[in-house]
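# Architecture and fold: a report
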Amino acid sequence: MPDQIVHVTDASFEGEVLKSDRPVLVDFWAVWCGPCQVIAPLLEEVAGDYGGRLKVAKINVDENQATSAAYGVRSIPTLMLFKDGDGAGTKVGAMSKPQLTAFVDAHL
């Protein structure tokens, strides 16, 4: 994974996501999830494309069940955009890069 993507845990979620000084796109994923693997390269591209305007984070739902449960994540991949500590938008399932950038752009 490139340096642009931050891997967060239950313990680091508040500091890395909720208290971030910029919007954060969080990918709730798991190693065994095929669609999660499909969108992983797109998330890397988006992390690079949006640079300092957006932070991209990944949280493994199997290893961090408290955060996943707190946000009602039932299907993966679930992408949630957080702005100023609040959930600004949610998308469930794999998507194309144009769909992903449209989702991000709508909330920036």
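Let me sum up the structure you'll find in this document. Note that the structure is a prediction, hence the values are computed from the model and not measured.

### A short note on the pattern of salt bridges
- Evaluated as defined, the whole model comprises five salt bridges.
- One salt bridge in this structure joins Lys19 and Glu14, with 3.3 Å as the shortest N-O distance.
- Lys19 sits in the exposed class, given a relative accessible area of 60%.
- For the salt bridge of Lys97 with Glu45, the shortest nitrogen-to-oxygen distance reads 3.0 Å.

### Examining the packing of helix H2 (residues 34-50) against helix H4 (residues 97-107)
- Across the interface, H2 lies against H4 with an axial gap of 10 Å and an inter-helix angle of 45°. If you check the angle between H2 and H4, you find them oblique. The hand of the H2/H4 crossing is right-handed. Residue-level contacts link Leu42, Leu43, Glu45, Val46, Asp49 and Tyr50 of H2 to Lys97, Leu100, Thr101, Val104 and Asp105 of H4.
- In terms of residue class, the contact of H2 with H4 is made up of six nonpolar, one polar and four charged.

Rules behind the numbers
- Residues numbered from 1 in each chain as written.
- Predicted model: local features only at pLDDT ≥ 70, side-chain atom pairs only at ≥ 80, totals over all residues.
- Heavy atoms only, no water.
- Salt bridge = Lys/Arg side-chain N within 4 Å of Asp/Glu carboxyl O.
- Buried < 20%, exposed > 50% of the residue type's maximum accessible area, 1.4 Å probe, protein only.
- Axes fitted to C-alpha atoms, helices over the stretch in contact; angles between N-to-C directions.
- Helix = DSSP H or I, 4+ residues; strand = E, 2+ residues; numbered from the N terminus.
- Parallel < 35°, antiparallel > 145°, perpendicular 65-115°, else oblique.
- Left-handed = near helix turned anticlockwise from the far one by under 90°.
- Contact = heavy atoms within 4.5 Å.
- Nonpolar A, V, L, I, M, F, W, Y, C, P; charged D, E, K, R; others polar.

Structural measurements only, silent on function.
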